[in-house]
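# What the coordinates show
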Amino acid sequence: MIGGGNWVSFLDNKTMDQDLVVRSAQIHALMPMMQFSVAPWRILDPGHLDAVKKGSADKKEIYFKNYGISPKIGTNRRVD
């Protein structure tokens, strides 16, 4: 779970370690699934959010290219 699970942690964004959230997202991009406990655009500044988006894009490339997963997965279309 990227960001943790305690919702009160997100009430004061001044204490949020944005670098830690980015690193966690980058590590989770190498796992089969990513799940955020809070929407990243609510807690991250634009620079850190771009880093998380890049990690998500890298995940697509890694899984589609290296693991032969069809890009059609998740499109609500039947894959034959």
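In this text, all values refer to a predicted model and were calculated from it rather than measured experimentally.

### Comments concerning the overall build of the chain
- Of the regular secondary structure elements, the chain holds three helices and zero strands.
- Of all intrachain contacts in the chain linking residues separated by at least 6 positions in sequence, the fraction that spans at least 24 positions is 65%.
- If you sum the accessible surface of the chain, you get close to 6,100 Å²; carbon and sulfur atoms cover 57% of it.

### Some words on the nonpolar core
- Membership of the largest hydrophobic core is limited to twelve residues, which are Ile2, Met16, Val21, Val22, Ala25, Ala29, Met34, Val38, Ile43, Leu44, Leu49 and Val52.
- Of all the elements in the fold, those that place two or more residues in this core are α1 (18–28) and α3 (46–66).

### Topic: the environment of Met34
- Along the chain, Met34 turns up in the loop between α1 and α2 (40–43).
- Distance in space between the C-alpha atoms of Met34 and Ser24 is 10.0 Å, their sequence separation being ten residues.

Reading the values: the criteria
- Residues numbered from 1 in each chain as written.
- Predicted model: local features only at pLDDT ≥ 70, side-chain atom pairs only at ≥ 80, totals over all residues.
- Heavy atoms only, no water.
- Helix = DSSP H or I, 4+ residues; strand = E, 2+ residues; numbered from the N terminus.
- Contact = heavy atoms within 4.5 Å.
- Areas by Shrake-Rupley, 256 points an atom, 1.4 Å probe, with all protein chains shown as cover.
- Core = buried A, V, L, I, M, F, W, Y, C linked by side-chain atoms within 4.5 Å.
- Buried < 20%, exposed > 50% of the residue type's maximum accessible area, 1.4 Å probe, protein only.

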